[in-house]
Amino acid sequence: MITRSNAESAADSAGHAAQSAGNSPFLKTLAKAGYAVNGLLHGLIGAIAIGLAVGAGGESADQSGALGQLAQSPGGVFVIWIIVVGLTALGLWQVLQAFLVPGTDPKKVWAHRLKEIGKGVAYLFVAGTALTVALTGSADSSGSTASASASVLALPGGPVLLMIVGLAVLVIGGYFVYKGVAKKFTEDLAVPAGTLGTVTVGLGVAGYVAKGIAVGVVGILVIVAGFTVDPSQSTGLDGALRSLAALPFGVAILVLVGLGLIAYGIYCFFRARFARL
């Protein structure tokens, strides 16, 4: 029988193990590389979005499209494997940080933990997409999103559940916009002084707002899929960006979002350099 003291000792040991892993210089270096490769992906997605706006884009405007472009370039598969390693390390580091959250209020601690775990899972998901491209040469994020939506719709109360998921994604998109406008992202950085710091913050504001808009539109499409009970409406980031082009002044909006995603990509390189880890 495990006594209370033994249970507490086991919990302390697990906490120390997580802290040691989370503070590993090697893992921190890989995590910073993860920020950099995440920036590369967002830059490529932004470029594809601009290509769609001007009628020159053929790739999906999402992670799979960006990875597909890399796979077709000389040495691209090697870069994709770097992306797999970098984003996997970043995802694992993010999950470890969830268990090192300080605080005495259990509700706030667990809310923060869930946020950190969510980030980690998102990075690991993209790493999985990159692994698929590295092994097979292609991946279809839009098809996967529609398939996942169809699976949710098949559940009891599926349409309502899918709309709740879409609403959650919409809220995340809104949070990104808020994080950019309020410059909350500077809490993640040791912002450098002078012009370099001004550029870093400017890129972060533009990047987070653009990313928030794109994610918010994804959420709206998921809500529409639940409301219409049509999983084909849920097409992920690629469908979200393409839907922007159909709006009044949509081409201009899509170009601005594409430029914003490129700005976010560049910001990620700055974050790799100045991140508080």
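Residues numbered from 1 in each chain as written. Predicted model: local features only at pLDDT ≥ 70, side-chain atom pairs only at ≥ 80, totals over all residues. Heavy atoms only, no water.

Draft legend 1. Molecular detail of the packing of aromatic side chains. By the definition in use, this model includes 7 aromatic pairs. Look at Tyr208 and Tyr264: their rings are 5.2 Å apart centre to centre, the planes differ by 85°, and that puts the pair in the edge-to-face class. Separated by 56 residues along the polypeptide, Tyr208 in helix H8 (residues 194-228) and Tyr264 in helix H10 (residues 250-274) bring together distant segments of the chain. Considered together, Tyr208 and Tyr264 belong to a single accessibility category, that of buried residues. Taking the centre distance of 6.0 Å and the plane angle of 40° together, the rings of Tyr264 and Tyr267 count as tilted. With a gap of 3 residues between them, Tyr264 and Tyr267 both fall in helix H10, about one helical turn apart. (Phe/Tyr/Trp six-rings, centres within 6.5 Å; stacked < 30°, edge-to-face > 60°. Helix = DSSP H or I, 4+ residues; strand = E, 2+ residues; numbered from the N terminus. Buried < 20%, exposed > 50% of the residue type's maximum accessible area, 1.4 Å probe, protein only.)

Draft legend 2. Focus on the pattern of salt bridges. Here the structure, examined in full by the defined rule, presents 4 salt bridges. Two residues, Glu116 and Lys119, come together in a salt bridge whose shortest N-O distance is 3.6 Å. With Glu116 and Lys119 both in helix H5 (residues 106-136), this residue pair falls 3 residues apart, about one helical turn. Taking relative accessible area as the criterion, Glu116 reaches 8% and is therefore assigned buried. Asp188 is the salt-bridge partner of Arg271, the closest N and O atoms lying 3.7 Å from each other. (Salt bridge = Lys/Arg side-chain N within 4 Å of Asp/Glu carboxyl O.)

Draft legend 3. Structural view of unusual backbone geometry. Within the chain, Val229 stands out as a residue other than glycine whose phi angle is a positive 55°. Despite not being glycine, Phe249 shows a phi value in the positive range, around 60°. Inspection of the secondary structure assignment puts Phe249 in the loop between helix H9 (236-245) and H10. Exposure remark for Phe249: the relative accessible area of 72% places this residue in the exposed category.

Draft legend 4. Quick peek at the nonpolar core. With 45 residues, the main nonpolar core has Ile80, Ile83, Leu87 and Leu241 as its most contacted residues. Those elements that provide at least two residues to this core are helix H2 (25-53), helix H3 (63-72), helix H4 (76-98), H5, helix H6 (141-153), H8, H9 and H10. In terms of residues, this core owes the most to one element, H2, which gives 11 residues. Those residues in contact with Ile83, other than ones at most four positions away along the chain, are Val37, Leu40, Leu41, Leu67, Leu70, Thr88 and Ala130. Membership of the second largest hydrophobic core comes to 13 residues, among which are Leu189, Ala263, Tyr267 and Phe274. (Core = buried A, V, L, I, M, F, W, Y, C linked by side-chain atoms within 4.5 Å. Contact = heavy atoms within 4.5 Å.)

Draft legend 5. The arrangement of H8 in detail. Taking 1.5 Å of rise per residue, the 35 residues of H8 would be expected to cover 51 Å, and the 51 Å separating its terminal C-alpha atoms lies within 8% of that figure. A positive backbone phi angle near 55° is found at Val229, which sits one or two residues after H8. (Expected span 1.5 Å × (residues − 1).)

Draft legend 6. Summary view of the environment of Val177. In this fold, Val177 is placed in helix H7 (residues 158-181). On the accessibility criterion, Val177 (26% relative accessible area) is partly exposed. Separated by 38 residues in the primary sequence, Val177 and Val215 place their C-alpha atoms 9.8 Å from one another. Among residues more than four places away in sequence, those in contact with Val177 are Tyr208, Val209, Gly212 and Ile213.

Draft legend 7. Structural detail: the packing of H2 against H9. Packing of H2 against H9 leaves a shortest axis separation of 10 Å and a crossing angle of 40°. The angle between H2 and H9 places the two elements in the oblique class. You can see that H2 and H9 cross each other, and the crossing is right-handed. Contacts between H2 and H9 pair Ile45, Ala49 and Leu52 from the former with Leu237, Asp238, Leu241 and Arg242 from the latter. Across the contact of H2 with H9, the residue classes break down as 5 nonpolar, no polar and 2 charged. (Axes fitted to C-alpha atoms, helices over the stretch in contact; angles between N-to-C directions. Parallel < 35°, antiparallel > 145°, perpendicular 65-115°, else oblique. Left-handed = near helix turned anticlockwise from the far one by under 90°. Nonpolar A, V, L, I, M, F, W, Y, C, P; charged D, E, K, R; others polar.)

In short, the description is geometric, and any link to function would need to be established separately.
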